[in-house]
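Report on the structure
Now for the letters of each chain:
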Number of protein chains: 2
Amino acid sequence: VQKQNLSELQHFLDQLHPADIAVILEALPMEDRLLIWSMVKTDRDGEVLLETSDAVRETLITDMGNHELVAATEYLDADEIADLAPDLPQEVMDDVFRSLPVEEREQLRAAMSYPEDSVGALMDFDVITIREDVRMEVVLRYLRMLEEMPDHTDQLFVVDRNEQLKGVLLINRLLVSDPDTLVADVMTNEMIKLHPDDVAQQAANAFERYDLVSASVVDDNDKLLGRVTVNTVIDFIRDKAENDALNLAGLSEEEDLFAPVLKSVQNRWVWLAVNLVTAFIASRVIGLFEDSIEKLVALAALMPIIAGIGGNSGNQTITMIVRALALDQINTSSAWKLITKEVGVSIVNGLLWGTIVGLFTFAIYQNAELGLVMTLALVLNLLLAALLGVLIPLTLRKFGRDPAIGSSVMITAVTDSGGFFIFLGLATVFLL
Amino acid sequence: VQKQNLSELQHFLDQLHPADIAVILEALPMEDRLLIWSMVKTDRDGEVLLETSDAVRETLITDMGNHELVAATEYLDADEIADLAPDLPQEVMDDVFRSLPVEEREQLRAAMSYPEDSVGALMDFDVITIREDVRMEVVLRYLRMLEEMPDHTDQLFVVDRNEQLKGVLLINRLLVSDPDTLVADVMTNEMIKLHPDDVAQQAANAFERYDLVSASVVDDNDKLLGRVTVNTVIDFIRDKAENDALNLAGLSEEEDLFAPVLKSVQNRWVWLAVNLVTAFIASRVIGLFEDSIEKLVALAALMPIIAGIGGNSGNQTITMIVRALALDQINTSSAWKLITKEVGVSIVNGLLWGTIVGLFTFAIYQNAELGLVMTLALVLNLLLAALLGVLIPLTLRKFGRDPAIGSSVMITAVTDSGGFFIFLGLATVFLL
């Protein structure tokens, strides 16, 4: 019976799309995962590895012999092998290089040479090129000679003898044009040309804005190198969004759901350590005012309110600004407008919530002056949050850092320590 | 001179892609924005409105007369008008309905009837249909009779007399096939069929997994209703990621960078109010232990450390679980495995960071028992964070809520109040 089940399972797996197999593998605890993985046919191993998350891919590769790994790459294109390369042992890559025909070897070398977040890393080499002096009919006949066309071919690239890109012939235009017209009369030279060293995010923005399916990649002399397709761009957008979310939550990278405990601890320690340092600082700020707290212990109970709301408000500002920076919507003159606006919002919010907080304080402690200090402290901490909520991301950007990473931790640290200082300081001056 | 500049600006605007105009409008303060907007030609108004964010779109529509708005929709497809409809005044929509030909009127009615996050809302009606009993040559001739093909046409839909979907003919296959073969012999019936009531996220997952450019939308009887294309899916993915990020930061929705102060206050108040309530609760928890703090004021300075690290750790767990839920990777049996794993991670982290925190405490206050209480409190708060970090999203999901919304606020509330209670409680029992 067991045997029959296994053969049914095998049959089921053989019918699945590699992406579906990847999802199943990611959802399985380690033991079951490796059992299923051993049942995936060699000719699909490579495609499945491409679809899995980095963390899960690592567990699968660790389970495979070098020979198996080389065999798995045989069914992949050069740009796909390059995507796996960072996870493969050096010996495997050496074998892969030796086994490739010259042209693909050069492509692989090129693909591996581009940095991770560049257009080059998103590029593939599956381009169909034509000449501008032929008729549509010849193009159609040429295509018919191909056994199949690369996925996501929505345009043919028109090049000259030196492989310089002259224009593109959209498949949609090819299909509706008279067979006797020349490529030169139907092609367009209004097209997106990406460069392999461009930042990948720029390519993603272009795909989003102009609704592209594919775009050419050329070198500085307009020589056609390859193309980027929308499926790669979707993966990039999703990965980027996911990484931002992970970083915001204090995870260094995507984590295998069933990673061993120690592996998870490793993935999480950096942000916890940063958090610990900022918490220690906040703690020492409070320590400065221990005398005041001893005299009026209500301060200890009230101070987290000031810090917490400041943090929340600061993160609202940061999120707006980081998003606007990603979309290139901020310049020097608008930066001032933004600061003015955020300061305005913080004053209104400060008076509004400050009043509520003040009343709450008065209701509990029957101390009007304490209530007023709460109100004032909240206004000031929200002001601080607004100012630094604009300035922190702008400064990170100025120094060439990604404002999406670390901004949130920094603003929270400022509004915590700052909030404690403002509130306890005001209380010490006015109440004691 | 002024006049000449304006005419140059006009020329520049006329050459820009509508998406680029939208980006420029979003980056401009209100006055400049409306000036530029008045210079955009009527026939492009609709397309630009489609590309802007909701908040900015509102400012542009407010600036337009009803007549202008109706004129702007004349250049749009039914599905595009439906996207704008929620922002248009009722009278404008009435006029638009009256001005449409019958078929488009029906399409618009259909498009407006689907809920916002459904496949129907992503659908367009630009499908090319063919019959299965014709030869490739006939298909090519039929296409040539069209002046142009809809964007993102990577497949033709094969339907029978009743508009039932029988299969799809990929353009890539059409181009490489012999002109004499029949559609029936080249088409495939392995295809994605979406339903208009499906959740949009499902369609997005299918596009990501199977690298689609377009997919059919059919009703329960397999009748072809329309299609979804990859550009719409990219916009959906980006909006979803953005909204999750905004919610996480406590913004209800996308905000116009240059929104008036009071409008911004409105957009931000909900989460600040939630935050205020949780802060009041935390404050009252501390209030319970005012006697203890009065006796040992160091407690006040140390308690934010326990709460802060607990919050960070809980958010790490939440992020993992929310992501896994979105990818459908968690079932009942793996939920237990996950709790075990997270508890394991929290114990290791608790001992590791607890020791550091304990030593820090001892170094500052020269009080070994206080150090031990800190260590124990951190272990317990991290345990609490791990348990609830798994249980909160699973519970939200069980009750049909989106676990991405609110999970983070809830875990932080728990680790704050819980952390204060655990730490001050332990201190009261063991130290006083």
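Scroll up to find the structure.
Presented here is an overview of the structure given in this document. Just so we're clear, the structure is a prediction, and the values are computed from it rather than from any experiment. (Residues numbered from 1 in each chain as written. Chains lettered and ligands numbered in written order. Predicted model: local features only at pLDDT ≥ 70, side-chain atom pairs only at ≥ 80, totals over all residues. Heavy atoms only, no water.)

What about the sheet that holds strand S3 (residues 165-170) of chain A?
Note on sheets: strands pair through backbone hydrogen bonds, and any given pair is parallel or antiparallel. Residue and element names in this part refer to chain A. Spatially, S1-S2-S3 is the arrangement adopted by the three strands of the open sheet, whose pairing is mixed. The two strands at the open ends of the sheet, each matched to only one other strand, are strand S1 (129-130) and S3. Direction of pairing for S1 relative to strand S2 (residues 155-159): parallel, over a ladder of two bridges. Pairing of Thr129 across the sheet is with Phe157, part of S2. (Pairing = 2+ DSSP bridges. Helix = DSSP H or I, 4+ residues; strand = E, 2+ residues; numbered from the N terminus.)

Digging into helix H8 (residues 90-99) of chain B
Residues and elements named next belong to chain B. If you check which residues of H8 are buried, you get Val92, Met93, Val96 and Phe97. Angular distribution of buried residues about the axis of H8 spans 135°; they occupy a single face of the element. Summarising the geometry of H8, the exposed residues directed more than 90 degrees from the buried face are Glu91 and Arg98. (Buried < 20%, exposed > 50% of the residue type's maximum accessible area, 1.4 Å probe, protein only. Arc of directions from axis to C-beta.)

Overview of a nonpolar patch on the surface
All names here are of chain A. Nonpolar side chains collect at one region of the surface, where Leu376, Leu380, Val429 and Phe430 lie side by side and expose about 380 Å² of accessible area between them. Mapped onto the nonpolar patch, the elements with two or more residues apiece are helix H20 (368-398) and helix H21 (407-431). For Leu376, the location among the structural elements is in helix H20. (Patch = residues over 30% accessible without salt bridge, like charges linked within 9 Å, V, L, I, M, F, W, Y side chains within 5 Å. Areas by Shrake-Rupley, 256 points an atom, 1.4 Å probe, with all protein chains shown as cover. Salt bridge = Lys/Arg side-chain N within 4 Å of Asp/Glu carboxyl O.)

Observations regarding the interface of chain A and chain B
The parts lose accessible area when they come together, and the size of an interface is often stated as this lost area. Between chain A and chain B, the contact holds 112 residues from the first and 112 residues from the second. With both chains or domains summed, chain A and chain B bury close to 9800 Å², and 66% of this area falls on carbon and sulfur atoms. When the area that chain A buries against chain B is broken down by residue, the three leading residues are Leu175(A), Leu257(A) and Leu272(A), summing to 8%. Linking chain A with chain B are ten salt bridges. Where Arg238(B) meets Glu208(A), a salt bridge forms, and the shortest distance between an N and an O atom there is 2.8 Å. Among the elements that make up the side of chain A that touches chain B, the one with the highest residue count is helix H18 (residues 298-326) of chain A (18 residues). By residue class, the composition of the side of chain A that touches chain B is 64 nonpolar, 22 polar and 26 charged. (Contact = heavy atoms within 4.5 Å. Buried area = accessible area lost by both parts, 1.4 Å probe. Nonpolar A, V, L, I, M, F, W, Y, C, P; charged D, E, K, R; others polar.)

Some details on the relation of the copies chain A and chain B
With an axial shift of 0.0 Å and an RMSD of 0.1 Å, the rotation relating chain A to chain B amounts to 180°. Taken together, the rotation and translation describe the operation of a two-fold axis. A shared interface surface links the copies, since 100% of the contact residues of chain A are contact residues in chain B too. (Least-squares fit on C-alpha atoms with pLDDT ≥ 70 in both.)

Remarks on the pairing of strand S6 (residues 224-229) of chain B
Residues and elements named next belong to chain B. For S6, the tally of buried residues reaches five of six residues, placing the bulk of the element in the interior. As judged from the five bridges shared by strand S5 (residues 214-218) and S6, these two strands associate in the antiparallel manner. Along S6, the bridge assignment pairs Val217 with Gly226. Here S5 hands over to S6 after five residues, with Asp222 in that stretch at a positive phi of 65°.

Some words on the sheet that holds strand S6 (residues 224-229) of chain A
All names here are of chain A. Pairing in this open sheet of three strands is mixed, and the strands run S4-S5-S6 from one edge to the other. Where the open sheet ends on each side, the last strands, each with one partner, are strand S4 (193-194) and S6. As paired elements, S4 and strand S5 (residues 214-218) share two bridges and run parallel to each other. Residue Lys193 lies in a different strand from S5, and its bridge partner there is Ser216.

What about helix H19 (residues 332-365) of chain B?
Residues and elements named next belong to chain B. With 34 residues, H19 should cover 50 Å at 1.5 Å per step; its first-to-last C-alpha distance of 47 Å lies within 8% of that length. N-capping of H19 is provided by Asn331, with a side-chain oxygen placed 3.2 Å from the backbone N of Ser333. Immediately beyond the C-terminal end of H19, within one or two residues, lies Gln366, with a positive phi of roughly 50°. (Expected span 1.5 Å × (residues − 1). Polar contact = N/O pair within 3.5 Å; in protein donor to acceptor, adjacent residues only side chain to side chain.)

Notes on the environment of Met410(B)
Inspection of the secondary structure assignment puts Met410(B) in helix H21 (residues 407-431). When the C-alpha positions of Met410(B) and Asp54(B) are compared, they lie 28 Å apart, and in sequence the two are 356 residues distant.

Points about the packing of aromatic side chains
Inspection of every chain in the model, using the stated rule, returns four aromatic pairs over all chains. Measuring from centroid to centroid gives 3.6 Å for Phe280(A) and Phe360(B), while their planes differ by 10°, and the two rings are stacked. With Phe280(A) in helix H16 (residues 261-288) and Phe360(B) in helix H19, this pair bridges two chains. With respect to class, Phe280(A) is no different from Phe360(B); both count as buried. (Phe/Tyr/Trp six-rings, centres within 6.5 Å; stacked < 30°, edge-to-face > 60°.)

Regarding the pairing of S5(A)
Residues and elements named next belong to chain A. Burial within S5 is extensive, with five of its five residues counted as buried. Along S5, one buried face is formed by Ser214, Ser216 and Val218 and the opposite face, lined by Ala215 and Val217, is buried too. Assessed by its sense of winding, the connection that carries the chain from S4 through helix H14 (residues 200-210) to S5 is right-handed. (Right-handed = clockwise from strand over helix to strand, strands pointing away.)

Quick word on the layout of surface pockets
Residues and elements named next belong to chain B. Of the volumes computed, that of the second largest pocket is approximately 420 Å³. Together, 18 residues line the second largest pocket, and Glu103, Gln107, Phe125, Asp126 and Leu225 are the ones closest to its centre. Of all the secondary-structure elements, those providing two or more residues to the lining of the second largest pocket are helix H7 (78-84), helix H9 (102-113) and S6. In terms of residue count, the dominant contributor to the lining of the second largest pocket is H9 (five residues). For the lining of the second largest pocket, a count of residues per class yields eight nonpolar, two polar and eight charged. (1 Å grid on protein atoms, 1.4 Å probe; cavity = no way out; pocket = protein on both sides within 12 Å on 5 of 7 lines; lining within 4 Å. Points joined across faces, edges and corners; volume = space filled by probe spheres on them.)

Some remarks on the pattern of salt bridges
Pairs can form between side chains of opposite charge once their charged atoms are near each other. Residues and elements named next belong to chain A. One pass over the structure, following the stated rule, counts 40 salt bridges over all chains. Of the charged contacts in the structure, one is a salt bridge between Arg33 and Asp256, with a shortest N-O distance of 2.7 Å. Within this pair, whereas Arg33 is found in helix H3 (residues 30-39), its partner Asp256 is found in the loop between helix H15 (230-249) and H16, the two being separated by 223 residues in sequence. For the pair Arg33 and Asp256, a shared accessibility class is recorded, and that class is buried.

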